[in-house]
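Single-letter residue listing:
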Amino acid sequence: MNRILKSRVLKSTALTAAVMSVAGVAQAQEREQLRIVGSSTVYPFASYVVEEFGATTDYPTPVIESTGSGGGLRLFCNGVGLDTPDITNASRRMKPSEFERCQENGVTDITEARIGYDGIAFAESNANEPVNFTREQLFLALAAKVPQDGELVDNPYTKWSDIDSSLPDREIMVYGPPTTSGTRDAFEELVMEAASEDMEAYGGEGYTDIRQDGPYVDAGENDNLIVQRLQENTTSFGIFGYSFLEENADSLTAASIDGVSPKPEAISSGEYPVSRSLFFYVKNQHADNVPALYPYVDLFMSEQMISPMGYLKGLGLISLPKDAREQARSDVENRESLELSDLQ
């Protein structure tokens, strides 16, 4: 090899090595600020922890975004890398299909953190008298197709009193969450599916399609906007987490469902039929590059936050029983890796 060619080869090799060295440094870079996405229901609780974390530690205040449970899990499962979220909040459990998508995209070490309970409130302005609905009545008001004369037809009901004369003589108008929301998923499962699975017209399977002809309005991921709409339109109802009901107890009243009001004791015992667990999910593969990850997680799971006397109780979080709380904390402290079988 002549000297000129040899010199060019050496320079090229040195340049390649330099580029690889820079790439290695870039890959090893840390991100100081924690990134959190997910559920609008969990958002008020997580936001409190975020502010406390920023105020009481040397880490910067994390960035948190309310994207809905489904939207947050999509972002979380996009892959491993500092351009993806470290944590996603969820007002329902991760679905097996979401777990499989995470695995396909290299997100293979996830810890599930269960933080407490929440009830889904069906509420209205307190200018009205409280109403008691059955799940079947709610289903008939909101299903896209309902049984009539042995057939499924497009939902004809326009007033609550069309369904049952004991219900208010008011137009059916419900502001609720979008399809990306864990609250929507839980409502479909705990109300729509539960009410219809024994109805012969649906062939023994739960029916969850919500009507799109006007009485149900997709009000987006911001539950505070639903609260505002109920204050403006006092004949309407809204669907959102119990914490928003408690925050606005001076202006809203909740309907009973199957004779049970959404009270903390009824939610935690399961007596209230529309109650569910709340979660967040941790991307353990980010721990080495995001030093704030585990300190934040440990603060969130502390008794200071999620116990019956913790700060989050004041925001409407319903605490887990002591044994369940200790098990949830142990799983997180041990960085237990979620398995597909856990979700099935």
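Just so it is clear, the structure is predicted and the values come from calculations on it, not from any experiment.

Describing the pattern of salt bridges
Under the counting rule described, the total for this entry stands at 15 salt bridges. With a shortest N-O distance of 3.4 Å, D169 and K159 are connected by a salt bridge. Taken together, the positions of D169 in the loop between α6 (160–163) and β8 (174–176) and K159 in the loop between β7 (151–154) and α6 put the pair 10 residues apart, joining distant regions of the chain. A relative accessible area of 57% places D169 in the exposed class.

A word on a negative patch on the surface
On the surface, a cluster of negative charge is contributed by E189, E193, E197 and D198. The residue E189 is located in helix α7 (residues 182–196) in this model.

Notes on the packing of aromatic side chains
Under the defined criterion, the tally for this structure stands at 15 aromatic pairs. Centroid distance F139 to Y207: 6.2 Å. Interplanar angle 80 degrees. Geometry classified as edge-to-face. Taken as a pair, F139 in helix α5 (residues 135–142) and Y207 in the loop between α7 and β9 (216–218) lie far apart in primary sequence, 68 residues in all. Judged by its relative accessible area of 13%, Y207 falls in the buried class. Measuring from centroid to centroid gives 4.8 Å for Y202 and Y207, while their planes differ by 25 degrees, and the two rings are stacked. Summarising the burial analysis for this pair, Y202 and Y207 share the class buried. Among the aromatic residues, ring-to-ring pairing joins F53, Y59, F280, Y296 and F300 into one connected group. Of note, K283 hangs over the ring of F76, and the distance from its end group to the ring centre comes to 4.8 Å. The lysine or arginine in question, R335, covers the ring of Y294, its NZ or CZ lying 3.7 Å from the ring centre.

Calculation criteria
- Residues numbered from 1 in each chain as written.
- Predicted model: local features only at pLDDT ≥ 70, side-chain atom pairs only at ≥ 80, totals over all residues.
- Heavy atoms only, no water.
- Salt bridge = Lys/Arg side-chain N within 4 Å of Asp/Glu carboxyl O.
- Helix = DSSP H or I, 4+ residues; strand = E, 2+ residues; numbered from the N terminus.
- Buried < 20%, exposed > 50% of the residue type's maximum accessible area, 1.4 Å probe, protein only.
- Patch = residues over 30% accessible without salt bridge, like charges linked within 9 Å, V, L, I, M, F, W, Y side chains within 5 Å.
- Areas by Shrake-Rupley, 256 points an atom, 1.4 Å probe, with all protein chains shown as cover.
- Lys, Arg positive; Asp, Glu negative; His and termini not counted.
- Charge placed at Lys NZ, Arg CZ, Asp CG, Glu CD.
- Phe/Tyr/Trp six-rings, centres within 6.5 Å; stacked < 30°, edge-to-face > 60°.
- Lys NZ or Arg CZ within 6 Å of the ring centre and 35° of its normal.

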